[in-house]
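Inside the fold
So the chains spell out like this:
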Amino acid sequence: MQSSIVYLDYNATTPVDDRVLERMLPFFKQQYANPSSPHLFALQAQEEIDFAQQDLAHLINCRASELTFTSGATEAINMAIKGLTYGHRKHIICASTEHNAVLECCRYMETKGYTVTYLPVDKDGIIDLKTLEDSITTDTALVCVMLVNNETGVMQDIPSIATLTHQAGAWFLCDATQAVGKIPIDVKQMQIDFMPISAHKFYGPKGIGALYTNPAIGSLEPLLHGGQQQKGMRSGTLNVPGIVGLGTAAAIAKQEMANQNKLILTLRDALEKSILEIDETFVNGHLDKRIFNTTNISLRGLHSQEMILALGNIAVSSGSACSSVTNRPSPVLRAMGLKNEDNLSAIRFSLGRFTTDHDIDYTLDRIKKIVTKLRG
Ligand SMILES: *Cc1c(COP(=O)(O)O)cnc(C)c1O
């Protein structure tokens, strides 16, 4: 890490772990073969792809054959939602707090004649199972609910949601992009049918990810047509360095997550507790049903955009989907019933593998000074 940056924006992306980069490097200049070619050189590349697929499969308890490599979670989500064979069922359900990748796919499906129900959440960001049950009809083909929310870290009761979905004969897509590599995931036990994965959210490179698909779904209509790579599910030359990076990141995560999570949780809680000592501050999202690395805090009367600017070399996010100049309220926080003023004062701190005690102390010191100055 650059020493001058205090990085607390791990939910946006993570730095590539040195061990991941190290494993990737030979695949640019030495082992650069196209794995689809017929020669021995290509076979070796294919072998590396297979190892990586195995490592990723181990992380989420599926078979390697159930994974399709994509450019990331956005593509995986598009592949699932647009590629599913809907038959006569024309209804989709998704949580109102989903990532834009899911929301925008659902809006697209509306333009194609599908009906979408956007499920409300309570003030803690949690979906009401009774509301979900009431929303599911015999026309429902797909239910999309994320495991961990990227803005608040709030976690949904995935096995119960999956059970309700399956009782109605619908498929269940779980956007677990903020969970894979952070917490243990078992797609079989959690009864997930589609699960997007993105390497850059857990110390792998950007531009590579995967879609887990339950084989019971059968084939999907591919987004990309071409050379029939990956059983025709996703044509295009495989991103060998990226895939090797993804596999390595998965293997490291499986090894290290249990120990790492405890350390990060301790730092997150220390940061949160101290910020909450400042007047008129509160956490957005359920305090317990929440991942260990994230805290989303509103500092009443302040503007997150102003705070972020003042924080300078400390990288955090506003709760909002901010464009470069204007600050728009976060749809996630709005769905949780936050008033606009509190919404616009929300800051997301997301910690990770390389966060230190010093990062937290430094950030707290700076925040306290900035709040005093801005409120004074
Ligand atoms: C980052 C993220 C995505 C998009 O992932 P990309 O690989 O960057 O396309 C989707 N869903 C969630 C919850 C995310 O955090």
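Now for a description of the structure that goes with this document. (Residues numbered from 1 in each chain as written. Predicted model: local features only at pLDDT ≥ 70, side-chain atom pairs only at ≥ 80, totals over all residues. Heavy atoms only, no water.)

**So, the site of the ligand**
Within the structure, the ligand sits among Gly72, Ala73, Thr74, His99, Met146, Asn150, Asp175, Thr177, Gln178, Ser198, His200 and Lys201. Here Ala73 contributes a backbone N or O atom positioned 2.8 Å from an oxygen atom of the ligand. Here an oxygen atom of the ligand and a side-chain polar atom of Lys201 are 2.7 Å apart. Computed on the free molecule, the ligand has an accessible area of 380 Å², of which 88% lies beneath the protein chains in the complex. (Near = heavy atom within 4 Å. Polar contact = N/O pair within 3.5 Å; in protein donor to acceptor, adjacent residues only side chain to side chain. Areas by Shrake-Rupley, 256 points an atom, 1.4 Å probe, with all protein chains shown as cover.)

**Details of the nonpolar core**
Judged by nonpolar contacts, the single largest core of 87 residues is most densely connected at Ile60, Leu147, Ile185, Met195, Ile197, Phe202 and Phe349. Per-element tally for this core: the top contributor is helix H8 (residues 240-275), with 13 residues. Counting contributing residues per domain, this core is built from domain 1 (6-15 + 257-375) and domain 2 (18-252), each supplying no fewer than three. Other than its neighbours up to four places away in sequence, Phe349 contacts Leu8, Leu271, Ile275, Asn293, Thr294, Thr295, Ile297, Val316, Thr363 and Ile367. Core analysis: the next-biggest nonpolar cluster, separate from the first, contains 26 residues, Ala76, Ala80, Cys94 and Phe194 among them. (Core = buried A, V, L, I, M, F, W, Y, C linked by side-chain atoms within 4.5 Å. Buried < 20%, exposed > 50% of the residue type's maximum accessible area, 1.4 Å probe, protein only. Helix = DSSP H or I, 4+ residues; strand = E, 2+ residues; numbered from the N terminus. Domains from an automatic or database assignment. Contact = heavy atoms within 4.5 Å.)

**Here we look at unusual backbone geometry**
Its identity as a non-glycine residue notwithstanding, Lys231 has a phi of 55°, on the positive side. Assignment of secondary structure puts Lys231 in the loop between strand S8 (209-213) and H8. Take Lys231: its relative accessible area is 70%, and that puts it in the exposed class. Of note, the phi angle at Glu280 is positive, near 55°, even though the residue is not glycine.

**Brief notes about H8**
Compared with an ideal rise of 1.5 Å per residue, which puts 36 residues at 52 Å, H8 spans 43 Å between its outermost C-alpha atoms and falls more than 12% short. Its axis deflected by about 65° at Met257, H8 carries its strongest bend there. If you check the start of H8, you find a side-chain oxygen 2.9 Å away from the backbone N of Gly242, and it comes from Asn239. (Expected span 1.5 Å × (residues − 1). Bend = angle between axes of the 7 residues up to and from the residue.)

**Focus: the state of the cysteines**
Using the criterion set out here, one finds 0 disulfides in the structure. Take Cys62: it sits in no disulfide, and the sulfur closest to it among the cysteines is that of Cys174, at 14 Å. Just so you know, Cys144 is unpaired, no disulfide at all, and the nearest cysteine sulfur is the one on Cys106, 4.8 Å from it. (Disulfide = S-S within 2.5 Å.)

**Focus: the packing of aromatic side chains**
Evaluation of the coordinates by the stated rule reveals 5 aromatic pairs. Taking the centre distance of 5.1 Å and the plane angle of 70° together, the rings of Tyr7 and Tyr10 count as edge-to-face. Judged by its relative accessible area of 14%, Tyr7 falls in the buried class. Judged by its relative accessible area of 2%, Tyr10 falls in the buried class. Three or more aromatic residues joined by ring pairs form one cluster here, namely Tyr7, Tyr10, Tyr203 and Phe354. The ring of Tyr108 carries Lys82 above its face, with NZ or CZ at 4.7 Å from the centroid. Lying over the aromatic face of Tyr203, Arg353 brings its terminal NZ or CZ to 3.9 Å of the ring centre. (Phe/Tyr/Trp six-rings, centres within 6.5 Å; stacked < 30°, edge-to-face > 60°. Lys NZ or Arg CZ within 6 Å of the ring centre and 35° of its normal.)

**Some thoughts on the pairing of strand S2 (residues 67-70)**
Of the two faces of S2, the one holding Leu67 and Phe69 and the one holding Thr68 and Thr70 are both buried throughout. Summarising the sheet, S2 and S8 pair through 4 bridges and their orientation is antiparallel. Bridge assignment links Leu67 to a residue of S8, and that residue is Tyr212. (Pairing = 2+ DSSP bridges.)

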